[in-house]
Amino acid sequence: PLWIVFKLYSFYIKAWEIKKSKSADYIIAAYPKIEGHFQKYLKNKPNTIIYNFTTLVPKQNKGIEKKYDVIYIGAINKNRGIFEIVRTADILKKQGRNLKFLVLGPFHNKKLESQVKNLIAKLGLQNCIELHKPVAYLKVEEFLAQSRIALSVFLPVSVYFYAVQIKTFEYMANGLPIVCSNFGTVKTFVEESNSGIPVNPLKPVEIANAIAYLCDNPDKYSEMSDNGIEAVQNVFNWEQMETKLLNIYSKLLK
């Protein structure tokens, strides 16, 4: 069976990776799961984490007219919660809330795109959800500035427990409170900075309730917005990681 081939290949790559890493002077990991992997097999090898924090300069976008109430940016697939996002919009519409969702990014494939568009049409959400094709990276900030609340409701798949999503910090930098999954590193960063609300990503009603809460509580919304901007200014920015990385290089070169 094909899964046996994948499993054997995975073991091969793991062994190759450890073997090659033994000759390295320093191990730099992108997030804790990877760092722990190398610590387990290379106990005496110096290592650290360099997070892929944002290079965006934090911005106060409060004076800009908001075209979108909720925004999701990134690849569009089932595991990133696209169907839950559509059902969330449906719940809010049935509550009588006139909210506009923007989903900005590429679909995983044409079949999925067709399924999502059919569901939107079936639920009568054509005026509630805008599916926008990918844009150049430098254009993304324009859409963030026009939005109020960000979504990061990835499903409980292993990679999302450990990966650090750079979009998290781009949302924060633009003052968007984040409704995120209640697990993994994204939850950790959001809770640490008090810049959003973790929810069960498998329950659209929880996602909808969090969005409604932020819409109905402007003081709390403003607090979380300011907290996200401050967190990127002081902690979650590439300048912090760049300094750390250059210090490592400097020590190694000496």
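Quick caveat: nothing in here was measured; it's all calculated off a predicted structure.

How each quantity is defined
- Every chain is numbered on its own, with residues counted from 1 as its sequence reads.
- Given that this is a predicted model, residues contribute local features only at a pLDDT of at least 70 and side-chain atom pairs are listed and counted only at 80 or more, while totals for whole chains, interfaces and linings are drawn from all residues.
- To obtain the side-chain values, all non-hydrogen atoms of the structure were included, while hydrogens and water were left out.
- Buriedness for pockets is judged along seven lines, at least five of which must meet protein on both sides within 12 Å for an open set on the 1 Å grid over protein atoms alone, while cavities are sets there where a 1.4 Å probe fits but cannot get out, and lining residues have an atom within 4 Å of a point.
- Grid points are joined across faces, edges and corners, and a volume is the space filled by probe spheres set on the points.
- Under the DSSP-based scheme used, a helix requires at least four consecutive residues in state H or I and a strand at least two consecutive residues in state E, with every element numbered from the N terminus.
- In this classification, the charged set is Asp, Glu, Lys and Arg, the nonpolar set is Ala, Val, Leu, Ile, Met, Phe, Trp, Tyr, Cys and Pro, and all remaining amino acids, among them Gly, are polar.
- Paired strands, in this sense, are two strands between which DSSP finds at least two bridges.
- Comment: axis = line fitted to C-alpha atoms, over the contacting stretch for helices; angle = value between 0 and 180 degrees taken between N-to-C directions.
- Contact between two residues is taken to exist if any of their heavy atoms lie within 4.5 Å; hydrogens are not considered.

Trainee: Kindly report on the layout of surface pockets, identifying the contributing residues and their values.
Mentor: For the largest pocket, the calculated volume is near 250 Å³. Around the largest pocket, the lining residues are Lys14, Glu17, Tyr31, Lys33, Ile34, His37, Phe38, Lys40, Tyr41, Ser158, Val159 and Tyr162. Counting only elements with at least two residues in the lining of the largest pocket, the list comes to α1 (2-21), α2 (32-41) and α6 (158-162). The greatest single-element share of the lining of the largest pocket, amounting to 6 residues, is contributed by α2. Of the residues belonging to the lining of the largest pocket, the class tally is 6 nonpolar, 2 polar and 4 charged.

Trainee: Give a detailed account of empty space enclosed by the protein, specifying residues and quantitative values.
Mentor: Inspection of the entire model under this criterion finds 1 cavity of 30 Å³ or more. By volume, the largest cavity is sized at about 40 Å³. Residue lining of the largest cavity: Ser152, Phe154, Tyr160, Ser181, Phe183 and Val186, and that is the complete set. Of the residues contributing to the lining of the largest cavity, the split by class is 4 nonpolar, 2 polar and no charged.

Trainee: Please provide a residue-by-residue account of the sheet that holds strand β7 (residues 178-181), values included.
Mentor: Ordered by their spatial adjacency, 6 strands build an open sheet running β5-β4-β3-β6-β7-β8, and the pairing between neighbours is parallel. Each edge of the sheet is formed by a strand with only one pairing partner; in this case those strands are β5 (129-132) and β8 (196-199). Mean inter-strand twist for the sheet, computed between neighbouring axes without regard to direction, equals 20°. Lying on the sheet, helix α8 (residues 184-193) is in contact with β6 (147-152), β7 and β8; it crosses β7 at an angle near 140°.

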